[in-house]
Amino acid sequence: MTGTAHHDRLLIPILSASNFVIGMGAFVVIGLLNPISADLSISTAGAGWIMTIYALAYALLSPLLVSLTGRIGRRRVLAAGLLIFAIANAMAALAPDPATLFAARVLAAAGAGIFTPVSAAVGAGLSRPERRARALAAVFFGLTLAQVIGVPAGSFIAYTFGWRYALAIVALIALPCIWLIWIRVPAGLSFQTVTLGDLARALRDARIMIAVLFTTSFLGAIYVVYTYLTPLLTEQMGFGRNGITLALLVFGTGAVIGNLLGGIAADRFGPFRTLLGLSIAQVLLMPFFSLLPYSEIWLFVIIGLWSSFGWSFMAPQQVRLIALSPDGASVVLALNAAAIYIGAAIGSAAGGWVLSTFGLPALGWAGGIAATLAVLHIWMSERKSV
């Protein structure tokens, strides 16, 4: 590490706030599918590609762009990544047709794919060793908070004023974050980076890749349903603006609870047993989305449990990956971040196919079947790792 590494109490909150903007911009489209499909005259399944394309672009571009910008000062990289993200959301808000919107999502994924991994490296690198885990948790808290506040708020704005306003707000709130990054991140700051050679070596390790790709199978199952949650609840439960906003708020609250419980469960039961249990929980919970309609209270209980078990996954998976490759932790975690978005892309695409072929009510059963594959995956991965 070079450059001035003084401790700035405001830096971690600024990085977290910036990741809140990233998280809101990435996932707010979950609550916008119906308004977008109506405005741009595309099917609901077609609108779902807004999430699929973003996720796929992030997965492909993030490791590459982080490696290629490794020699540039971290302040410039962070500011540039967030500026690209802001421009992309402004472009999406003004998109006259689906092609422009999809292109804007690719650009947004590039900006986010640069910013989030580098923000984690800066947050950890400028913290004392005994506080690094807490610093990382704080940097990523913004992404979680975006699920609780940003996504429901964006959905409310979209149904009240129009979907373009939701994306425009993302672009606007990114601007003060860019300025704060520029004045608070030390100039000339650099860290040892993940190189393309490091990534290539990890990609050739079958044991590591099977473990990393569990992230893809687990989250892919969830995104079969999550991507199309808004149209599903609109059609099957008759939800409008307030119902959709409340459902997304419950999901976000469950995400925060899950983040807290995942680490506790991993410490108590071990990463493998925790991940196996979470996968089985998904198998049991997702078919409930094919049994709609039923009581709103029970629906919100199911959504809360589903989200909590889903978001409990990250801590035990990261602990497991680091234990499998302690010397290559940075590389493995970079691949794991890419695997998150590959899972989102595959799950969204699979959900779109199920929706087009069998209709919305089939999504819950499809998610449950996909989660069964995740159960088999974690079991095989553990046998391969022993």
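Here, the structure is the one placed above.
Residues numbered from 1 in each chain as written. Predicted model: local features only at pLDDT ≥ 70, side-chain atom pairs only at ≥ 80, totals over all residues. Heavy atoms only, no water.

## Brief notes about the overall build of the protein
(1) Moving on: Each helix and strand in the protein was counted, giving 17 helices and 0 strands.
(2) Moving on: On C-alpha atoms alone, the protein measures out to a radius of gyration of 20 Å, which is about the 21 Å that the 2.2 N^0.38 rule sets for 386 residues.
(3) Moving on: Along the first, second and third principal axes, the C-alpha atoms of the protein reach 55 × 50 × 35 Å.
(4) Moving on: In the protein, which comprises 386 residues, the proportion classed as buried is 57%.
(5) Moving on: Of all intrachain contacts in the protein linking residues separated by at least 6 positions in sequence, the fraction that spans at least 24 positions is 86%.
(6) Moving on: Only carbon and sulfur atoms are counted for the fraction: they give 70% of the accessible area of the protein, which is about 15900 Å².
(7) Moving on: If you average the places of the 21 positive and of the 11 negative side-chain charges in the protein, the two averages end up 9 Å apart. (Helix = DSSP H or I, 4+ residues; strand = E, 2+ residues; numbered from the N terminus. Rg over C-alpha atoms; globule rule 2.2 N^0.38 Å. Buried < 20%, exposed > 50% of the residue type's maximum accessible area, 1.4 Å probe, protein only. Contact = heavy atoms within 4.5 Å. Areas by Shrake-Rupley, 256 points an atom, 1.4 Å probe, with all protein chains shown as cover. Lys, Arg positive; Asp, Glu negative; His and termini not counted. Charge placed at Lys NZ, Arg CZ, Asp CG, Glu CD.)

## Here's the deal with helix α1 (residues 11-27)
Because each turn of an α-helix spans 3.6 residues, side chains separated by three or four positions end up pointing in the same direction.
(1) Moving on: With 17 residues, α1 extends 24 Å between its outermost C-alpha atoms, agreeing within 8% with the 24 Å of an ideal straight helix rising 1.5 Å per residue.
(2) Moving on: For α1, the tally of buried residues reaches 15 of 17 residues, placing the bulk of the element in the interior. (Expected span 1.5 Å × (residues − 1).)

## What about the layout of surface pockets?
(1) Moving on: By volume, the second largest pocket is sized at about 170 Å³.
(2) Moving on: Taken together, A59, L60, P63, L199, L203, M209, V212, L213, L335, A338, A339 and I342 make up the full set of residues lining the second largest pocket.
(3) Moving on: Elements with a contribution of two residues or more to the lining of the second largest pocket: α3 (44-68), α8 (196-203), α9 (206-212) and α16 (329-358).
(4) Moving on: In terms of residues, the lining of the second largest pocket owes the most to one element, α16, which gives 4 residues.
(5) Moving on: Of the residues belonging to the lining of the second largest pocket, the class tally is 12 nonpolar, no polar and no charged. (1 Å grid on protein atoms, 1.4 Å probe; cavity = no way out; pocket = protein on both sides within 12 Å on 5 of 7 lines; lining within 4 Å. Points joined across faces, edges and corners; volume = space filled by probe spheres on them. Nonpolar A, V, L, I, M, F, W, Y, C, P; charged D, E, K, R; others polar.)

## A look at the packing of aromatic side chains
(1) Moving on: As enumerated under the stated definition, the model contains 15 aromatic pairs in all.
(2) Moving on: Aromatic side chains Y226 and F251 sit 4.4 Å apart centroid to centroid with 10 degrees between the ring planes, which places their arrangement in the stacked category. Of the two residues, Y226 is situated in helix α10 (residues 214-226) and F251 in helix α12 (residues 241-269); the sequence distance between them amounts to 25 residues.
(3) Moving on: Owing to a relative accessible area of 2%, Y226 belongs among the buried residues under this scheme.
(4) Moving on: With 6.4 Å between their ring centres and 70 degrees between their planes, Y226 and W306 make a pair best called edge-to-face. (Phe/Tyr/Trp six-rings, centres within 6.5 Å; stacked < 30°, edge-to-face > 60°.)

## A look at unusual backbone geometry
(1) Moving on: For the bond running from L292 to P293, omega is 0 degrees, close enough to zero to count as cis.
(2) Moving on: By the secondary structure assignment, P293 is in the loop between α13 (271-285) and α14 (296-311).
(3) Moving on: In this model, S41 sits at a positive phi of 55 degrees, which is unusual for a non-glycine residue.
(4) Moving on: With respect to the secondary-structure elements, S41 resides in the loop between α2 (33-39) and α3.

## Quick notes on the pattern of salt bridges
(1) Moving on: With the rule as written, the count across this model stands at 2 salt bridges.
(2) Moving on: Linking R164 and D39 is a salt bridge whose minimum nitrogen-to-oxygen distance equals 3.3 Å. Of this pair, R164 sits in helix α7 (residues 163-184) while D39 sits in helix α2, placing them 125 residues apart in sequence.
(3) Moving on: Overall, the relative accessible area of 25% leaves R164 in the partly exposed class.
(4) Moving on: Between R320 and E382 there is a salt bridge, with its nearest N and O atoms 3.3 Å apart. Of this pair, R320 sits in helix α15 (residues 314-324) while E382 sits in helix α17 (residues 363-385); the two residues are 62 residues apart in sequence, bridging distant segments of the chain.
(5) Moving on: Of the residues examined, E382 reaches a relative accessible area of 23% and is grouped as partly exposed. (Salt bridge = Lys/Arg side-chain N within 4 Å of Asp/Glu carboxyl O.)

## Some thoughts on a nonpolar patch on the surface
(1) Moving on: Where nonpolar side chains cluster on the molecular surface, the patch consists of I297, W298, V301, L305 and F309 and spans about 500 Å² of accessible area.
(2) Moving on: Assignment of secondary structure puts I297 in helix α14.
(3) Moving on: Overall, I297 belongs to the exposed group, its relative accessible area being 64%. (Patch = residues over 30% accessible without salt bridge, like charges linked within 9 Å, V, L, I, M, F, W, Y side chains within 5 Å.)

## Observations regarding the nonpolar core
(1) Moving on: In this structure, Y54, L233, F289 and W306 are the most contacted members of the largest nonpolar core, which totals 112 residues.
(2) Moving on: Those residues within four positions of L233 in sequence are excluded, and the remaining contacts are G238, F239, I244, A247, L292, L299 and I303.
(3) Moving on: With 12 residues, the next largest nonpolar core counts A202, A211, L321 and V331 among its residues. (Core = buried A, V, L, I, M, F, W, Y, C linked by side-chain atoms within 4.5 Å.)

## Focus on the environment of G347
(1) Moving on: Here G347 lies in helix α16.
(2) Moving on: With 20 residues separating them along the chain, G347 and G367 place their C-alpha atoms 8.6 Å apart.
(3) Moving on: Setting aside its immediate chain neighbours within four residues, G347 contacts G220, Y223 and V224.

## Details of the side chain of S16
(1) Moving on: The residue S16 is located in helix α1 in this model.
(2) Moving on: Engagement of the side chain of S16 in a polar contact is seen with the backbone nitrogen of G142, the distance being 3.1 Å.
(3) Moving on: Those residues within four positions of S16 in sequence are excluded, and the remaining contacts are A138, V139, F141 and G142. (Polar contact = N/O pair within 3.5 Å; in protein donor to acceptor, adjacent residues only side chain to side chain.)

## Quick word on the environment of I84
(1) Moving on: With respect to the helices and strands, I84 occurs in helix α4 (residues 74-93).
(2) Moving on: Sequence spacing of I84 and A112 is 28 residues, and the spatial spacing of their C-alpha atoms is 8.2 Å.
(3) Moving on: Excluding its chain neighbours within four sequence positions, the residues that come into contact with I84 are L107 and G111.

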